[in-house]
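Coordinate inspection notes
Here is what each chain is made of, one letter per residue.
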Amino acid sequence: MAYRFLLFDIDDTLLDFKAGEMKSLREMFAELQLPRDPRLEPTYLRINQSLWEAYERGDITREDIFRQRFVKTFKHLQINADGLLVERVYHAKLDQQAVVIPRVTETLAALQDYELYIVSNGIEPVQLDRLRKSGLAHYFRDVFVSDSVGVQKPTKAFFTYTAQHIPGFHHREALIIGDSLTSDIQGGMNAHIDTVWYNPHFQPNRSAVRPTYQLNEISDLTALLLANQD
């Protein structure tokens, strides 16, 4: 199968969201002088992850995530803090983070014979700004973000919208590259588009979600594509 259209996730595929997340958390804790409880970060990360999974299932909205994640964290830890104020400060810091994952820039530069696009859950102006700050924006022909599309990954509707807005698109010539089994890879399965699971930490896949390919180094994408040329 020869691929022509490469659809990239942003967070933890191109940009190191986790690094930006931890930096923003530490800065926010210091600015608001929150108590240094060693349980705070892991509790927040667990609650945040569960809320994002609920969002991907369509059970809650993005706004529900932001209203609940710190409120639930502080309630669980019995910390007297304003979860909504903390969210505002934290979110403002997080929106500025644009840490590029190693070898991403070189890989994108090597893929200019392909048509590169962004497919991301999030807020479009924020994601566009982060791409510009990272120096990666010029590699992509267009950007599709859930708040502008009107639905989120992994819904088939998200990728139907994307396909309709890419000239000459055919799903058999497309490849989704992302780190999330539940968002990127499940989205590809829903839309009948091949997928690459970027799995740099060798996490086991105990789910029923099956990627077409798996890579532990993003730079290996070039060899994978060459091997699939007609």
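Structure: above.
Comments concerning the overall build of the protein chain
From N to C terminus, the protein chain includes 10 helices and 6 strands. Computed over its C-alpha atoms, the radius of gyration of the protein chain comes to 18 Å, within 12% of the 17 Å expected for a compact globule of 230 residues. Along the longest, intermediate and shortest principal axes, the C-alpha atoms of the protein chain span 60 × 35 × 35 Å. Out of the 230 residues in the protein chain, the part that is buried amounts to 49%. Pairs at least 24 residues apart make up 65% of the contacts formed inside the protein chain by residues separated by at least 6 positions. As displayed, the protein chain has an accessible area near 11300 Å², and 51% of this comes from carbon and sulfur atoms. Placing the 25 positive and 31 negative side-chain charges of the protein chain at their respective mean positions leaves the two points 5 Å apart.

What about the environment of Glu 56?
Mapping Glu 56 onto the fold places it in helix α2 (residues 40-56). Measuring from C-alpha to C-alpha, the distance between Glu 56 and Arg 26 comes to 27 Å, with 30 residues separating the pair along the chain. Residues in contact with Glu 56, not counting those within four places in the same chain, are Asn 121, Gln 152, Lys 153, Pro 154, Ser 180, Thr 182 and Ser 183. Here the side chain of Glu 56 touches Thr 182 through a polar contact of 2.6 Å, side chain to side chain.

Reading guide: rules and limits
Every chain begins its residue count from 1, and numbering advances along the sequence as written. In view of the model being predicted, local features appear only for residues whose pLDDT reaches at least 70, and side-chain atom pairs are presented and counted only at 80 or more, with totals across whole chains, interfaces and linings using the full set of residues. To get the side-chain values, all heavy atoms of the structure are used, and hydrogens and water are removed first. Runs of E in the DSSP output that reach at least two residues are strands. Runs of H or I that reach at least four are helices, and both are numbered from the N terminus. As defined in this context, the radius of gyration uses C-alpha atoms, and a globule is described by 2.2 Å times the residue total to the power 0.38. Note on classification: 1.4 Å probe, protein chains only; a residue is buried when its accessible area is under 20% of the maximum for its type, exposed when over 50%, partly exposed between these limits. What makes two residues a contact is simply this: any of their non-hydrogen atoms within 4.5 Å. Only the protein chains shown count as cover for residues, and the accessible areas themselves come from Shrake-Rupley with a 1.4 Å probe. Think of it this way: Lys and Arg go in the positive column, Asp and Glu in the negative one, and His and the chain ends go nowhere. By convention, charge coordinates are those of NZ in Lys, CZ in Arg, CG in Asp, or CD in Glu. In protein, a polar contact means a hydrogen-donor-capable atom and an acceptor-capable atom, both N or O and within 3.5 Å, with residues adjacent in sequence counting only if both atoms are side-chain atoms; elsewhere, any N or O pair within 3.5 Å suffices.

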